[in-house]
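Here is how the chains run, residue by residue.
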Amino acid sequence: MVREESSSGSSKYLKADLLDVIEIPEEGVAVMLFTTEDWEDRVLPIRIDVTASFSIKKALGLVSFHRPLTHDLIVDLINRLDVIVDRVTIDAMIDGVYLSTIFIKDNRTNETFQLDARPSDATAIAVRLGAPIYVAEHLVAYTEPLENYRELRARYGFSFNKNL
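Procedures and definitions
Residues numbered from 1 in each chain as written. Predicted model: local features only at pLDDT ≥ 70, side-chain atom pairs only at ≥ 80, totals over all residues. Heavy atoms only, no water. Core = buried A, V, L, I, M, F, W, Y, C linked by side-chain atoms within 4.5 Å. Buried < 20%, exposed > 50% of the residue type's maximum accessible area, 1.4 Å probe, protein only. Helix = DSSP H or I, 4+ residues; strand = E, 2+ residues; numbered from the N terminus. Contact = heavy atoms within 4.5 Å. Phe/Tyr/Trp six-rings, centres within 6.5 Å; stacked < 30°, edge-to-face > 60°. Axes fitted to C-alpha atoms, helices over the stretch in contact; angles between N-to-C directions. Parallel < 35°, antiparallel > 145°, perpendicular 65-115°, else oblique. Left-handed = near helix turned anticlockwise from the far one by under 90°. Nonpolar A, V, L, I, M, F, W, Y, C, P; charged D, E, K, R; others polar. Polar contact = N/O pair within 3.5 Å; in protein donor to acceptor, adjacent residues only side chain to side chain.

Under an unreviewed UniProt entry, the name given to the protein chain is BFN domain-containing protein, and the organism recorded is Vulcanisaeta moutnovskia.

### Concerning the nonpolar core
One finds Met 32, Phe 34, Leu 44, Ile 46, Val 85, Ile 90 and Ile 102 to be the most contacted residues of the largest nonpolar core, which totals 34 residues. Here this core takes five residues from strand 2 (residues 12–24), the largest share from any one element. Filtering out sequence-adjacent residues up to four positions away, Val 85 remains in contact with Ile 78, Ile 102, Phe 103, Ile 104, Ile 125, Leu 129 and Ala 131.

### Observations concerning helix 1 (residues 50–59)
Among the residues making up helix 1, those that are buried are Ala 52, Ser 53, Ser 55, Ile 56, Lys 57 and Lys 58. Buried residues along helix 1 sit in contact with strand 2, strand 3 (29–35), strand 4 (42–49), helix 2 (70–80), helix 3 (119–129) and helix 4 (150–156). Within two residues after helix 1, Gly 61 carries a phi angle of roughly 80 degrees, on the positive side.

### Some points on the packing of aromatic side chains
The full count for this structure, using the stated rule, is two aromatic pairs. Arranged with centres 5.9 Å apart and planes meeting at 85 degrees, the rings of Phe 54 and Phe 65 form a pair that is edge-to-face. In this pair, Phe 54 is assigned in helix 1 and Phe 65 in the loop between helix 1 and helix 2, connecting sequence segments eleven residues apart. Given the relative accessible area of 27%, Phe 54 is considered partly exposed. For Phe 65, a relative accessible area of 38% gives the class partly exposed. Each ring, one from Tyr 98 and one from Tyr 142, has its centre 6.4 Å from the other, and the planes form 80 degrees; the classification is edge-to-face. Of the two residues, Tyr 98 sits in strand 6 (residues 97–106) while Tyr 142 sits in the loop between strand 8 (133–136) and strand 9 (144–145), which places them 44 residues apart along the sequence.

### Here's the deal with the packing of helix 2 against helix 3
Between two packed helices, both the angle of their axes relative to each other and the distance between the axes serve to describe the pair. Where helix 2 contacts helix 3, the two axes come as close as 10 Å, and the packing angle between them is 55 degrees. When the axis of helix 2 is compared with that of helix 3, the two are oblique. Like other packed secondary-structure pairs, helix 2 and helix 3 cross with a definite hand, here right-handed. Contacts from His 71, Asp 72, Ile 74, Val 75, Ile 78 and Asn 79 of helix 2 reach helix 3 at Asp 121, Ala 124, Ile 125, Arg 128 and Leu 129. When the residues that make up the contact of helix 2 with helix 3 are grouped by side-chain class, the tally is six nonpolar, two polar and three charged.

### Quick word on the environment of Asn 110
Inspection of the secondary structure puts Asn 110 in the loop between strand 6 and strand 7 (112–117). Judged by its relative accessible area of 53%, Asn 110 is exposed. Once the C-alpha coordinates of Asn 110 and Val 83 are considered, the two residues, 27 residues apart in sequence, prove to be 9.1 Å apart. At 3.0 Å, the side chain of Asn 110 and the side chain of Lys 105 are in polar contact.

Here's what the structure looks like:
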């Protein structure tokens, strides 16, 4: 289990894995499912728009598109500016909206700064760059049994690990 203190020192974070991105055509949305070693058979579902789902799937090599998407352009900028994405965190849910942060390190100055982001955007960038994703430990309150998503995953998901 990987834990990390937030910059404020008040929240603990768990290393998370993106288990699946499920598009639900009937609803016109998608759901990202995150898991951690601590949560066993529970997942944190985060609803996102279908275009963000497409971008994440493109980053994973599951779909192709003949032109760069916005997240591809952001990654190109990151690479050209000599900065790295140190990590991405999913920090809180306020009024039904998840908040996320992208931690950027400037290799020239060694300074790290934070960007507020939607979890879908942060995930799309993290997946492209291989940056780790962390989830605030207190978000366990919003996890659900993985079993709740088994049928949807079989029908629409991509899953790195179908055994989960």
